[in-house]
Amino acid sequence: MDVAHCELDGNADAVEFCPHDTFHHVLAASTYTLQEGDKPSRSGSISLFKVNDEESNLDLFYRLDTAGIFDIKWNPVGGNVGPFLAQADADGYVKVYSLECSLDEADARGGFLREINGEKISSSMCLCLEWNPSSTSVTVGLSDGSVSIVSLVESQIEIIQEWKAHDFELWATSFDIHQPHLVYTGSDDCKFSCWDMRDSPSKLAFQNSKIHKMGVCCITKSPSDPNTLLTGSYDEYLRVWDVRSISKPVNETSVCLEGGVWRIKHHPFIPGLVLAACMHNGFAVVKVGGENAEVIETYTKHGSLAYGVDWQKGAESLQGKRKNSLVATCSFYDRLLRVWMPESDSFP
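The rules behind each value
- Residues numbered from 1 in each chain as written.
- Predicted model: local features only at pLDDT ≥ 70, side-chain atom pairs only at ≥ 80, totals over all residues.
- Heavy atoms only, no water.
- Pairing = 2+ DSSP bridges.
- Helix = DSSP H or I, 4+ residues; strand = E, 2+ residues; numbered from the N terminus.
- Axes fitted to C-alpha atoms, helices over the stretch in contact; angles between N-to-C directions.
- Buried < 20%, exposed > 50% of the residue type's maximum accessible area, 1.4 Å probe, protein only.
- Lys, Arg positive; Asp, Glu negative; His and termini not counted.
- Salt bridge = Lys/Arg side-chain N within 4 Å of Asp/Glu carboxyl O.
- Polar contact = N/O pair within 3.5 Å; in protein donor to acceptor, adjacent residues only side chain to side chain.

As annotated in an unreviewed UniProt entry, the chain carries the name E3 ubiquitin-protein ligase COP1 and is attributed to Melia azedarach.

Undergrad: So what exactly am I meant to see when it comes to the sheet that holds strand E7 (residues 84-89) here?
TA: Consider a sheet: its strands pair through backbone hydrogen bonds, and that pairing is either parallel or antiparallel. With antiparallel pairing, the four strands of this open sheet are ordered in space as E6-E7-E8-E9. Of all strands in the sheet, those bounded by a partner on one side alone are strand E6 (69-74) and strand E9 (111-120). Across this sheet, the average inter-strand angle for adjacent strands is 20 degrees, counted without regard to direction. In the sheet, E6 pairs with E7 via five bridges, with the strands oriented antiparallel.

Undergrad: Help me out: how do you make sense of the sheet that holds strand E16 (residues 192-196) in this one?
TA: Here four strands make up an open sheet; going across it, the order is E14-E15-E16-E17 and the pairing antiparallel. Single-partner strands in this sheet number two, and they are strand E14 (170-175) and strand E17 (203-208). Taken pair by pair, the neighbouring strands of this sheet meet at an average axis angle of 20 degrees, ignoring direction. Pairing of strand E15 (residues 182-187) with E16 involves five bridges; the strand directions are antiparallel. In the sheet register, Leu-182 faces E16, and the bridge partner there is Asp-196.

Undergrad: Any chance you could explain the pairing of strand E23 (residues 273-277) here in plain terms?
TA: Two faces, one strand: in a regular strand the side chains alternate between the faces of the sheet. Taking burial as the measure, the five residues of E23 include five buried ones, the bulk of the element. Bridging between strand E22 (residues 263-266) and E23 involves four bridges; their strand directions are antiparallel. Paired with Ile-264 across the strands is Ala-276, a residue of E23. Hairpin connection between E22 and E23: a loop of six residues separates the two successive antiparallel strands, and Gly-272 in this loop has a positive phi of roughly 80 degrees. Taken together, the five bridges between E23 and strand E24 (residues 283-289) define a ladder with antiparallel strand orientation. Residue Ala-277 lies in a different strand from E24, and its bridge partner there is Phe-283.

Undergrad: Would you take a moment to explain the side chain of Asp-13 for this structure?
TA: Note that Asp-13 resides in strand E2 (residues 12-17). Comment: no salt bridge for buried Asp-13; closest opposite-charge side chain is Arg-263, at 7.7 Å. A distance of 2.9 Å separates polar atoms of two side chains, one belonging to Asp-13 and the other to Ser-30.

Undergrad: Explain unusual backbone geometry to me, please; I cannot follow it from the model alone.
TA: Most peptide bonds are trans, and most residues other than glycine sit at a negative phi. With an omega of 10 degrees, the peptide bond between Gly-82 and Pro-83 qualifies as cis. Of note, Glu-236 is a non-glycine position whose phi angle comes to about 85 degrees, a positive value. Within the fold, Glu-236 resides in the loop between strand E19 (228-233) and strand E20 (237-242).

Undergrad: Help me out: how do you make sense of the pattern of salt bridges in this one?
TA: Side chains bearing opposite charge may pair, as long as their charged atoms lie close to each other. Tallied over the entire structure, the rule returns 16 salt bridges. Between Lys-73 and Asp-71 there is a salt bridge; the shortest N-O distance is 3.4 Å. Residue Lys-73 shares its accessibility class with Asp-71, and that shared class is buried. Between Arg-244 and Asp-242 there is a salt bridge; the shortest N-O distance is 2.8 Å. Take Asp-242: its relative accessible area is 15%, and that puts it in the buried class.

What follows is the structure in structure tokens.
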């Protein structure tokens, strides 16, 4: 069911609902627009929206012009700080913003982003990032195949480790949320790797170069199962891995989504339910459990590359009844942001 939609000011590539209490209605969307010509430039923006599904409203209350953005992420709730929003951009910067938001409904401005810090961490482009569970550091993937671990203690950005992890662009990196000393990386070289940061430089814990037939686009650990991890690839497959036997996906469990799997997002409270942004084939809701992974719903109301996707965080139930899940999606060339509810939302 469609709730609301709007056109952004540039090519849309990421959407993120704020996970922090009292800010679940805040949705961030980022853009990346290449200005071609004699002196090409990469510009971007972050837009903040107030989402009200009951009134089918998507109200823009703040916009910030930046360099071209490849990725944005809110910090996790468990760190007891924030809300903070981090960006990875084409100028090689990692920037962190604090959400300064008015809780006064009479305040029409809604709030704004205040830059806490921003550091150029590489002459290469910053392509992706992910927070560790305590919000004290960020792992950043770079266009030269390197990964940087950036400390964010007391609002100061400092590179604490950096190493050459892959041969080509590094599109995916994330911390193991159950063992934060482990960092996963994936790249256009088709390799999926895990690194142990207890060694300096970080030690390669494992590497799989045989399963993915094309570049690795995303890696995400299951929040409900410490042994399960998902990867997405340009080869159109979402794969389920058992980290206890990483040489191959568990029981070869995988599902072809008929489009490069660019992003995977776990449902905030339904184990095994994920959203996938499938690039050339819209968006999919996938149920992952045991030996099975199946598509239970698709969303195809975008007209170009499906890149950004997220569930709204929030209460599991509302007045004793399960509240319908709200989803935000965005697509690149048509600059479209959509908010909708899955029709098959009566999940067991």
